[in-house]
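Residue-level structure breakdown
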Amino acid sequence: MNNDIREAAEWVRHSERLLVFTGAGISAESGIPTFRDDDGFWREFPPERFATWDGLFKTALHQPRAFAEFVHAVIAPIAAAEPNAAHRAIADAERHVDVTVVTQNIDRLHWEAGTTTTHEVHGSMFEIVDRRRRFRRYVSRQQLRRVATAIERASRGLLTLPRVMWAVRRIAGIGVRGIHFPNLVLFGDALAEPAWSASRRAAEQVDCVIQVGCSGMVYPAATLPEIARAQGATVIDVDPHSGQGDIWLRGTATQIVPELMNTAFAPR
Ligand code: APR
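Residues numbered from 1 in each chain as written. Predicted model: local features only at pLDDT ≥ 70, side-chain atom pairs only at ≥ 80, totals over all residues. Heavy atoms only, no water.

Focus on the environment of Trp-166
To keep it simple, the criterion reads: For helices the rule is a DSSP run of H or I covering at least 4 residues; for strands it is a run of E covering at least 2, with both sets numbered from the N terminus onward. Three labels apply to residues, based on accessible area from a 1.4 Å probe with only protein chains included: buried if under 20% of the type maximum, exposed if over 50%, partly exposed otherwise in between.
With respect to the helices and strands, the residue Trp-166 is situated in helix H9 (residues 161-167). The class of Trp-166 is exposed, set by a relative accessible area of 59%. On a C-alpha basis, the gap between Trp-166 and Ala-150 in space is 8.5 Å, while along the polypeptide they are 16 residues apart.

Listed below in structure tokens is the structure:
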């Protein structure tokens, strides 16, 4: 074990209120691509066309096949994903310390791993809302798998927009009660509430932050560790490529997080 993990584990062990802030990197080992790594989403699907509602709408109208490929690329990995050892270690930590998880991810893997307090500041693929963001219903991972299969089937023929919309009708479209779609926060949207307000309050009250798999490039979510640090919290960053904060634990989420939590909470 490297000394950094031992040092970081001491901060976690003596923490009374822990904030775990996660990004796409924590779900990479569950099979969900990140956004900015070499094999990330934004390499294949340029954000200017796919990361805004306006861009998505125009792509759907003019390039339904590209739109279908993007929707499938987002949904299929999430539909097939399961929590990994890092998600589970974070959930287990609740037996030892008050943990608040704030995630930028839309994959509900923290919930599924057993974490009881998760703020999804960029929304959730599993919540369907109306045009005013009022909650309509949840969709299951199984229903997402059906949508992914329906898109694959529609893609085998002439892929028109009506065929794509029929394939995704369980999660998006226009029904008798108007427009419905997944509660996702895209570029230019306000962050999801009450998740974002609760996240800021948590960041102001914690004494230790574990950041896992975050590039720190998207604001305002990326301000959370700094808000915590400004009031005296120690920031531990788990990432294989680059580190921020007070202690950088170089490695992947499943390499580092279970060992960090086991070291912190092992009986002594
Ligand atoms: N374990 C831990 N970290 C990893 C792993 C891994 N196995 N693989 C990659 N990473 C790290 C990368 O080094 C990078 O720092 O995860 C981070 C992923 O960065 P991004 O792809 O930018 O994802 P994220 O930080 O979550 O992006 C924030 O940007 O596009 C928007 O809404 C989108 O929520 C997303 C936001």
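Past the structure itself, the notes keep going.
Looking at the sheet that holds strand E8 (residues 208-212)
Operational definition: Note on pairing: two strands pair once DSSP finds at least 2 bridges between them. The angle between two axes is taken between their N-to-C directions and runs from 0 to 180 degrees, where each axis is a line fitted to C-alpha atoms and a helix contributes only its stretch in contact. Any pair of residues with heavy atoms lying within 4.5 Å of one another is described as a contacting pair.
With parallel pairing, the 6 strands of this open sheet are ordered in space as E3-E2-E1-E8-E9-E10. Strands at the two margins of the open sheet, each flanked by one partner only, are strand E3 (118-120) and strand E10 (247-250). Averaged over all adjacent pairs, the angle separating strand axes in this sheet is 15 degrees, with direction ignored. With 4 bridges joining them, strand E9 (residues 234-239) and E10 adopt parallel strand pairing. For Ile-236, the partnering residue across the bridge sits in E10 and is Ile-247. Contacts from helix H10 (residues 195-205) reach strand E1 (17-22), strand E2 (98-103) and E3 within the one sheet, and its direction differs from that of E3 by about 130 degrees.

Quick word on the sheet that holds strand E7 (residues 178-184)
Pairing in this open sheet of 4 strands is antiparallel, and the strands run E5-E4-E7-E6 from one edge to the other. Because the sheet does not close on itself, it has two edges, and the strands there are strand E5 (135-138) and strand E6 (173-175). Between one strand axis and the next, the sheet turns through 35 degrees on average, direction left out of account. Both E6 and E7 contribute to a ladder of 3 bridges, which runs antiparallel. Following the sheet pairing, Gly-173 is matched in E7 by His-180.

Thoughts on the site of the ligand
What counts, and what does not: We define proximity as follows: a residue is near a molecule or strand when any one of its heavy atoms falls within 4 Å of that partner. Polar contact is the term for a pair of N or O atoms within 3.5 Å; when the atoms are in protein, one must be able to donate a hydrogen and the other to accept it, and sequence-neighboring residues count only if both atoms are side-chain atoms. For the area figures, the Shrake-Rupley method with a 1.4 Å probe applies, and any residue is considered shielded solely by the protein chains shown. Side-chain classes follow a simple rule in which Ala, Val, Leu, Ile, Met, Phe, Trp, Tyr, Cys and Pro form the nonpolar group, Asp, Glu, Lys and Arg form the charged group, and the remainder, Gly included, forms the polar group. As annotated, the domain borders come from an automatic or database domain assignment.
Around the ligand lies a shell of 22 residues, among which Ala-24, Phe-35, Arg-36, Ser-215 and Asp-239 are the nearest. One nitrogen or oxygen atom from the main chain of Gly-213 is found 3.3 Å from an oxygen atom belonging to the ligand. Within the complex, the protein chains bury 93% of what would otherwise be the 730 Å² of accessible surface of the ligand. Looking at side-chain class alone, the shell around the ligand contains 9 nonpolar, 9 polar and 4 charged residues. Built from parts of two domains, the shell around the ligand gets at least three residues from each of domain 1 (1-31 + 83-122 + 191-268) and domain 2 (33-80 + 124-184).

As for the domain arrangement of the protein
Short version of the rule: The quantity reported as buried area is the accessible area (1.4 Å probe) lost by two parts once they are put together, taken as the sum for both. By convention in these notes, a salt bridge is any Lys or Arg side-chain nitrogen within 4 Å of a carboxyl oxygen on Asp or Glu.
Assigned domains of the protein: these are domain 1 (1-31 + 83-122 + 191-268) and domain 2 (33-80 + 124-184). Domain 1 and domain 2 are separated by 28 Å when their C-alpha centres are compared. Taken together, the contacts link 15 residues of domain 1 with 16 residues of domain 2. Together domain 1 and domain 2 conceal approximately 1100 Å² of surface at their shared face, both sides included; 60% is due to carbon and sulfur atoms. Together, Ala-24, Ile-106 and Arg-108 form the three largest contributors to the area buried by domain 1 at its contact with domain 2, with a combined 39%. The interface formed by domain 1 and domain 2 holds 1 salt bridge in total. Where Arg-141 meets Glu-112, a salt bridge forms, and the shortest distance between an N and an O atom there is 2.8 Å. Our count for the domain 1 to domain 2 interface comes out at 3 residue pairs in polar contact (both at pLDDT 80 or more). Its residues placed into classes, the side of domain 1 that touches domain 2 shows 6 nonpolar, 5 polar and 4 charged.

Some remarks on the packing of helix H4 (residues 53-62) against helix H5 (residues 64-80)
To keep it simple, the criterion reads: The scheme is simple: roughly parallel for angles under 35 degrees, roughly antiparallel for over 145, roughly perpendicular for 65 to 115, oblique for anything else.
At a minimum axis distance of 5 Å, the contact between H4 and H5 shows a crossing angle of 125 degrees. With respect to their mutual orientation, H4 and H5 come out oblique. Residues Leu-56, Thr-59, Ala-60, Leu-61 and His-62 of H4 touch H5, and the partners they reach there are Pro-64, Ala-66, Phe-67 and Phe-70. Split into classes, the residues belonging to the contact of H4 with H5 amount to 7 nonpolar, 2 polar and no charged.

Thoughts on H4
Our working rule: By construction, the arc corresponds to the directions joining the helix axis to the C-beta atoms.
Those residues of H4 that sit buried are Gly-55, Leu-56, Thr-59 and Ala-60. The arc enclosing the buried residues of H4, seen along the axis, measures out at 135 degrees, which places them on a common side. Counted as exposed and oriented over 90 degrees from the buried face of H4: Phe-57 and His-62. Structurally, H4 contributes buried residues whose contacts are with helix H3 (47-50), H5 and H9.

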